[in-house]
Amino acid sequence: MPSWGAVVWGIVASAVLAVVLVRFALRERGPSVLVAAATAALVAPLLWDLILRHTGGDFFVDAPGLVFPVSFEDTGSGVFATALGSLLLGFGPIRGDSGRRVALTALMCGVAALLVDIYLY
């Protein structure tokens, strides 16, 4: 099970990567959108980690492979971040935008959380 220091480092890294992806991959400059994306990528993996700790989830059970060693725990972080990003962005700063825009922006939150979980802790 990761230490609390590793968890804090991981969720902060997820938030930073989400901001970078939304800013540069989607060319979004709105501060409220960047803050919402960072919040989703920070809070959702923390909530998922708390659920796993409470239920006794097995950590570090990765799929075989060197290139993409994903685990159920990693996937959960990405799914939670995408879901929370959809809610925060869709009911928040980009509620007037197309569903495609909301989905792509939320997906960047999930991708950030997934990649950090797989490769950085």
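Up top is the structure these notes are about.
Residues numbered from 1 in each chain as written. Predicted model: local features only at pLDDT ≥ 70, side-chain atom pairs only at ≥ 80, totals over all residues. Heavy atoms only, no water.

### Quick word on the overall build of the chain
Next, step 1: What the chain contains, in helices and strands, is four helices and zero strands.
Next, step 2: Along the chain, helices and strands appear, N-terminal first, in the series α-α-α-α.
Next, step 3: For a compact globule of 121 residues, the expected C-alpha radius of gyration is about 14 Å, and the chain comes in at 14 Å, within 12% of that figure.
Next, step 4: Over its C-alpha atoms, taken along the principal directions, the chain stretches across nearly 40 × 30 × 25 Å.
Next, step 5: Across the 121 residues in the chain, those meeting the buried criterion constitute 42%.
Next, step 6: A separation of at least 24 residues holds for 74% of the contacts in the chain among residues at least 6 apart in sequence.
Next, step 7: Split by element, the accessible area of the chain, about 6600 Å² in all, is 71% carbon and sulfur. (Helix = DSSP H or I, 4+ residues; strand = E, 2+ residues; numbered from the N terminus. Rg over C-alpha atoms; globule rule 2.2 N^0.38 Å. Buried < 20%, exposed > 50% of the residue type's maximum accessible area, 1.4 Å probe, protein only. Contact = heavy atoms within 4.5 Å. Areas by Shrake-Rupley, 256 points an atom, 1.4 Å probe, with all protein chains shown as cover.)

### Some details on the environment of Leu17
Next, step 1: With respect to the element layout, Leu17 can be found in helix H1 (residues 4-25).
Next, step 2: A relative accessible area of 26% places Leu17 in the partly exposed class.
Next, step 3: Distance in space between the C-alpha atoms of Leu17 and Phe68 is 18 Å, their sequence separation being 51 residues.
Next, step 4: Ignoring sequence-local partners within four residues, the contact set of Leu17 consists of Ala112, Leu115 and Val116.

### Overview of helix H4 (residues 99-119)
Next, step 1: Counted at 1.5 Å a residue, the expected span for H4 with its 21 residues is 30 Å, and the 30 Å between its end C-alpha atoms agrees.
Next, step 2: Those residues of H4 that fall on the buried side of the exposure criterion are Val102, Thr105, Ala106, Met108, Cys109, Gly110, Ala112, Ala113, Val116, Asp117 and Ile118.
Next, step 3: Contacts from the buried residues of H4 go to H1, helix H2 (31-55) and helix H3 (72-90). (Expected span 1.5 Å × (residues − 1).)

### Some thoughts on a nonpolar patch on the surface
Next, step 1: Together, Trp9, Leu66, Val67, Phe68, Leu115, Tyr119 and Leu120 make up an exposed nonpolar region whose accessible area comes to about 800 Å².
Next, step 2: For Leu66, the location among the structural elements is in the loop between H2 and H3. (Patch = residues over 30% accessible without salt bridge, like charges linked within 9 Å, V, L, I, M, F, W, Y side chains within 5 Å. Salt bridge = Lys/Arg side-chain N within 4 Å of Asp/Glu carboxyl O.)

### Observations regarding the packing of aromatic side chains
Next, step 1: Counted according to the given criterion, the structure contains one aromatic pair.
Next, step 2: Sitting over the face of the ring of Phe24, Arg23 holds its NZ or CZ atom 5.2 Å from the ring centroid.
Next, step 3: Against the face of Trp4 rests Arg53, its NZ or CZ located 4.1 Å from the ring centre. (Phe/Tyr/Trp six-rings, centres within 6.5 Å; stacked < 30°, edge-to-face > 60°. Lys NZ or Arg CZ within 6 Å of the ring centre and 35° of its normal.)

### Section: the packing of H2 against H3
Each pair of packed helices can be described by the angle between their axes along with the distance between the axes.
Next, step 1: Relative orientation of the contacting elements H2 and H3 amounts to 140 degrees, with a least axis distance of 8 Å. Taken together, the axis directions place H2 and H3 in an arrangement best described as oblique. Judged by the sense of rotation from one axis to the other, the crossing of H2 with H3 is right-handed. Where H2 abuts H3, its residues Val33, Ala36, Ala37, Thr39, Ala40, Ala41, Val43, Ala44, Pro45, Trp48, Ile51 and Leu52 lie against Phe72, Glu73, Gly76, Ser77, Phe80, Ala81, Leu84, Gly85, Leu88 and Leu89.
Next, step 2: In terms of residue class, the contact of H2 with H3 is made up of 17 nonpolar, four polar and one charged. (Axes fitted to C-alpha atoms, helices over the stretch in contact; angles between N-to-C directions. Parallel < 35°, antiparallel > 145°, perpendicular 65-115°, else oblique. Left-handed = near helix turned anticlockwise from the far one by under 90°. Nonpolar A, V, L, I, M, F, W, Y, C, P; charged D, E, K, R; others polar.)

### Examining the side chain of Ser14
Next, step 1: Here Ser14 is to be found in helix H1.
Next, step 2: Residue classification places Ser14 among the buried residues on the basis of a relative accessible area of 1%.
Next, step 3: Once residues lying within four places of it in the same chain are set aside, the contact partners of Ser14 are Ala41, Pro45, Ala112, Ala113 and Val116.

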